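Given next are the chains, with one letter for each unit.
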Amino acid sequence: MTPWLRRQRALADYTLSALGRRKGKNISLVVIYALIVFLVASIMMFSSGMRREADLVLSEAPELIVQQLTLGRHELIAGGEVEKLAAIRGVTAAKGRLWGYYYDRLNGANYTVMVPDDPTIKLEQGQAILGEAIPRSRGLSWEGAPLFLSRFEGDLVKFDVVDTLSHDSALVSADLMLITEQDFRDFFGLAPDVYTDISVSIRNEREIATIIAKAEKVMPKARFVTRADISRTYQKLFDWREGLLVTLAIAAILAFGIFAAEKASGLSAEETREIGILKAIGWDTGDVIAMKLWEGALVSVGAFLTGAVAAYVHVFLGGAGLFAPVLKGWSVLYPDFALTPQIDVLQLTTLFLVTVLPYVAATLVPIWRVATGDPDQVMR
Amino acid sequence: MITLSAVTKLYNEGRPNQMAALDGIDLTVPGDAVTVLTGPSGSGKTTLLSLIGCMARPTSGRVHLNGDMVSGLPESFLTGLRRTTFGFVFQRFNLVRGLSVIENVRLPAVPLGPDHVELTERAMARLEHLGLADKADIPVEYLSGGETQRAAIARALINDAPILIADEPTANLDTVLVNRFLDIVADLRAEGRTVIMTSHDPRIFTASLVDNVVRMVDGRLDTEEAPA
């Protein structure tokens, strides 16, 4: 071991013993510190996990959605438009989609009712596939329990639940209900040749702008929503929600800042005296500062690691129980799924820099002031 | 040998409450001897001791250590001298509360980055020699007055300093403990160390092992002959 390393080890050793003397005070400091890091790290990990999840799900969505607008509002689209879009060069396929919302008065939730366009999903009349949140919120706990929906007083429509959607896509499918086209048209009283909108598959994603330009000529009153647009909307939604929580976290950080500044600005008489003793027995200013740097580092890095690991466990293993209601899902139906564990190094580094460095720096100034004084003060 | 020439020390210099703690001190403290600075409270004993021990610099005048001028050296050099040449026993011993005896004894050596095992062995040997080995792991606040004093001496000697500086080391100690302290000083002398201390305790400055007594009054050397 080099002399430098031995010196650092000796200083760290002393610092640990010194910290042990004020156990209560130091433990409470680390706990508060770790809680703040835990809070902010949880929000950051959770939000970035959600964004990744949304991108993952959207990667299977069609490249382009075409919606008819009337008076600036989304309107049903005529079936004939599908052929027009399919005829544009570069378009692989165009399909009319049927989807709508159903408000369930029993649990106050909105379901997204949809006709699946995936040919592998086999449904027969009277059958439904549900997003994982619907049976949960309706208490359909046993296998094969039918779902009864009522559109108005005295009305009751029965669906046999044949499957539940996987948790992997729960972010956007938690409130989804898939039924056959005929059931959909009957349930909502829809004419046979209209669709909610049209999904368009495009061979080459770089041609989207060109294809939209051509499609606009065919359907001048339509709105064209690309997959990138949807992804952006999700990102903004999560950004907004993250911002909301970060604002709360900032209040906590500020409170901690005041606490740390208070600790940092005034060294206790005992600490001042201790520094005087150390200087008198042969420590120089650099030794005292190095020792206090160790103290700051042990407290703040210890708290940072504790907070960050706790946040990781909370978000990726514990389902982010604390923030889930704010950060994911819509009003009543919350998706239940586990985020893929992943660490954003840049985010963690930023968090490290904004929590550890100011604390260490704030504690150094008063130490430096005391440590540069004459050691003979302890003689008097 | 430590030589002081025309040494003056002012506190609160230039302010209305300026005070001259030392005024024109010319003194030679011999090496390889026991020197006691004595005099009433406020006579400047402790200030003189802190200048000798390189803890402070004089306002004017010079301090030489073995022929080298040390009074003009920057703080880092003075720290080096405090670390290697002097061992300090303070009036109230100034052990760091909350730490164990052995942790206190190791303290002066920490910045030197010594081998931990070797340092602990050295500290234990010192404590053993001073009859404190069995108290090594207890916090210093549980020690008695005499034990605290011996722990402070062990700390002062951990870097094997050739000069021990002690400020009123026997204040508030009974005769048995004073005699025990004098035995320790005799041991240190036998090891070839120089001992410089302040004391207004007659049991100390009249002790037979003391080679040199420096009397002080009002920041000056008292050159009048003491009554027989």
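As the structure is a prediction and not an experimental result, all values here were calculated from the model.

Enquirer: Just checking my understanding: could you explain the packing of aromatic side chains for this structure?
Expert: Within a pair of aromatic rings, the relevant descriptors are the distance that separates the centres and the angle that separates the planes. All names here are of chain A. Under the defined criterion, the tally for this structure stands at eleven aromatic pairs over all chains. Judged by centre distance (5.7 Å) and plane angle (70°), the rings of tryptophan 99 and tyrosine 101 are edge-to-face. Given a relative accessible area of 17%, tryptophan 99 falls into the buried group. Ring plane angle 65° and centroid distance 5.9 Å describe the contact between phenylalanine 159 and phenylalanine 187, whose orientation is recorded as edge-to-face. Residue phenylalanine 159 is found in strand E9 (residues 157–164), and its partner phenylalanine 187 is found in helix H6 (residues 181–188); the two are separated by 28 residues along the sequence. The exposure class assigned to phenylalanine 159 is buried, which follows from its relative accessible area of 2%. Through a chain of ring-to-ring contacts, three or more aromatic side chains come together here, namely Tyr102, Tyr111, Phe159, Phe184, Phe187 and Phe188. Lying across the ring of tyrosine 195, arginine 185 places its NZ or CZ 5.2 Å from the centre.

Enquirer: Would you explain the environment of valine 37 of chain A in this entry?
Expert: All names here are of chain A. When you line up the elements, valine 37 lands in helix H2 (residues 23–58). Valine 37 sits in the buried class, given a relative accessible area of 1%. On a C-alpha basis, the gap between valine 37 and leucine 305 in space is 8.6 Å, while along the polypeptide they are 268 residues apart. If we ignore the near neighbours within four places in the chain, the residues touching valine 37 are Ser42, Ala303, Phe304, Gly307, Ala308, Leu351 and Thr355.

Enquirer: Could you clarify how one ought to interpret the nonpolar core in this entry?
Expert: One broad rule of soluble globular proteins: the nonpolar side chains tend to lie buried together. One finds Tyr14 and Trp283 of chain A together with Ile2, Leu48, Ile52 and Leu107 of chain B to be the most contacted residues of the largest nonpolar core, which totals 49 residues. Here tryptophan 283 of chain A is in contact with Leu11, Tyr14, Leu278, Val288 and Met291 of chain A together with Thr79, Arg82, Arg83, Leu107, Pro108, Val110 and Pro111 of chain B, once residues within four sequence places are set aside.

Enquirer: Would you explain the interface of chain A and chain B in this entry?
Expert: It is common to give the size of an interface as the accessible area lost on bringing the parts into contact. In this assembly, 28 residues from chain A lie in contact with 31 residues from chain B. Summing both sides of the interface, chain A and chain B together bury roughly 2,700 Å²; the carbon and sulfur share of this comes to 60%. One can count two salt bridges joining chain A with chain B. A salt bridge links aspartate 287 of chain A to arginine 83 of chain B; its shortest N-O distance comes to 2.6 Å.

Enquirer: What's the story with the packing of helix H1 (residues 3–21) of chain A against helix H10 (residues 285–317) of chain A in this structure? I'm lost.
Expert: Relative orientation and spacing of two packed helices are given, respectively, by the angle between their axes and the distance between those axes. Residues and elements named next belong to chain A. Between H1 and H10, the least distance of the axes is 9 Å, while the angle of their chain directions is 60°. Seen along the crossing, H1 lies across H10 with a hand that is right-handed. Residues Arg7, Gln8, Leu11, Ala12, Tyr14, Thr15, Leu16 and Leu19 of H1 lie in contact with H10, whose contacting residues are Gly286, Asp287, Ala290, Met291, Trp294, Glu295, Leu298 and Val299. For the contact of H1 with H10, a count of residues per class yields ten nonpolar, three polar and three charged.

Enquirer: Before we go on, may I ask you to explain the pattern of salt bridges in this structure?
Expert: Once their charged atoms are close, side chains differing in charge can pair, the charge on each being opposite to the other. Applying the stated criterion to the full structure yields 26 salt bridges over all chains. Of the charged contacts in the structure, one is a salt bridge between arginine 227 of chain A and glutamate 205 of chain A, with a shortest N-O distance of 3.2 Å. Taken together, the residues span a long stretch of sequence, with arginine 227 of chain A in helix H8 (residues 227–265) and glutamate 205 of chain A in the loop between strand E12 (197–202) and helix H7 (208–218) at a distance of 22 residues. Taking relative accessible area as the criterion, glutamate 205 of chain A reaches 49% and is therefore assigned partly exposed. Note that lysine 279 of chain A and glutamate 75 of chain B form a salt bridge whose closest N and O atoms lie 3.7 Å from each other. With lysine 279 of chain A in helix H9 (residues 269–280) and glutamate 75 of chain B in helix H2 (residues 75–84), this pair bridges two chains. By relative accessible area, which is 2% here, lysine 279 of chain A ends up buried.

Enquirer: Just checking my understanding: could you explain the sheet that holds strand E6 (residues 86–89) of chain B for this structure?
Expert: All names here are of chain B. What the six strands build is an open sheet, ordered E6-E7-E8-E3-E9-E10; its pairing is mixed. Strand pairing shows two members of the sheet lacking a second neighbour, E6 and strand E10 (220–221), which therefore form its edges. Sheet topology places strand E3 (residues 34–38) next to strand E8 (residues 194–198); four bridges connect them, and they run parallel. The residue bridging threonine 35 from the neighbouring strand is isoleucine 196, located in E8.

Enquirer: Would you explain the packing of helix H5 (residues 145–156) of chain B against helix H6 (residues 175–190) of chain B in this entry?
Expert: All names here are of chain B. Contact pair H5 / H6: the axes reach a minimum separation of 11 Å and the direction vectors enclose 15°. By the angle between their directions, the pair H5 and H6 is classed as roughly parallel. Helix-helix and strand crossings are classified by hand; for H5 and H6 the assignment is right-handed. Contacts between H5 and H6 involve Gly146, Gln149, Arg150 and Ile153 from the former and Leu177, Arg180, Phe181 and Ile184 from the latter.

Enquirer: Whenever I open this one, the sheet that holds strand E1 (residues 2–11) of chain B confuses me. Can you help?
Expert: Strand pairing in a sheet takes place through backbone hydrogen bonds and is either antiparallel or parallel in direction. All names here are of chain B. Strand order across the open sheet formed by four strands is E2-E1-E4-E5, with antiparallel pairing between neighbours. Only two strands of the sheet have a single neighbouring strand rather than two, namely strand E2 (19–29) and strand E5 (68–69). Sheet topology note: the E1/E2 ladder contains seven bridges and is antiparallel. Among the inter-strand pairings, isoleucine 2 is bridged to a residue of E2, identified as valine 29.

Rules and cut-offs
As a convention, each chain's residues are numbered from 1 in the sequence order in which they are written. Just so you know, chain letters begin at A and ligand numbers begin at 1, following the order they were written in. The predicted nature of this model means local features are confined to residues of pLDDT at least 70 and side-chain atom pairs, given and counted, to a pLDDT of 80 or more, with totals for whole chains, interfaces and linings taken over all residues. The side-chain values count all of the structure's non-hydrogen atoms but skip hydrogen atoms and water molecules. Stacked, tilted and edge-to-face pairs are distinguished by plane angle, under 30 degrees for stacked and over 60 for edge-to-face with tilted covering the rest, among Phe, Tyr and Trp rings (Trp via its six-membered ring) whose centres lie within 6.5 Å. Buried residues are those whose accessible area, probed at 1.4 Å on protein chains only, stays under 20% of the maximum for their type, while exposed residues exceed 50% and partly exposed ones sit between those limits. Helical segments are the DSSP runs of H or I of at least four residues, strand segments are the runs of E of at least two, and each set is numbered from the N terminus. For a Lys NZ or an Arg CZ to count as sitting over a ring, it must be within 6 Å of the ring centre and within 35 degrees of the ring normal. Whether two residues are in contact is decided by their heavy atoms: any pair within 4.5 Å suffices. Buried Ala, Val, Leu, Ile, Met, Phe, Trp, Tyr and Cys residues that are joined via side-chain atoms within 4.5 Å together make up what is termed a nonpolar core. By convention, the term buried area covers the 1.4 Å-probe accessible surface removed from two parts as they join, with the contributions of both added. By convention in these notes, a salt bridge is any Lys or Arg side-chain nitrogen within 4 Å of a carboxyl oxygen on Asp or Glu. A fitted line through C-alpha atoms represents every axis, and for helices the fit uses only the stretch in contact; the resulting angles, taken between N-to-C directions, go from 0 to 180 degrees. Less than a right angle of anticlockwise turn of the near helix away from the far helix marks a crossing as left-handed, whereas a clockwise turn marks it as right-handed. Any residue that is not Ala, Val, Leu, Ile, Met, Phe, Trp, Tyr, Cys, Pro, Asp, Glu, Lys or Arg is counted as polar, Gly included; the first ten are nonpolar and the last four charged. Strand pairing is assigned whenever DSSP identifies at least 2 bridges connecting the two strands. By definition in this entry, angles of less than 35 degrees are roughly parallel, angles greater than 145 are roughly antiparallel, angles of 65 to 115 are roughly perpendicular, and the rest are oblique.

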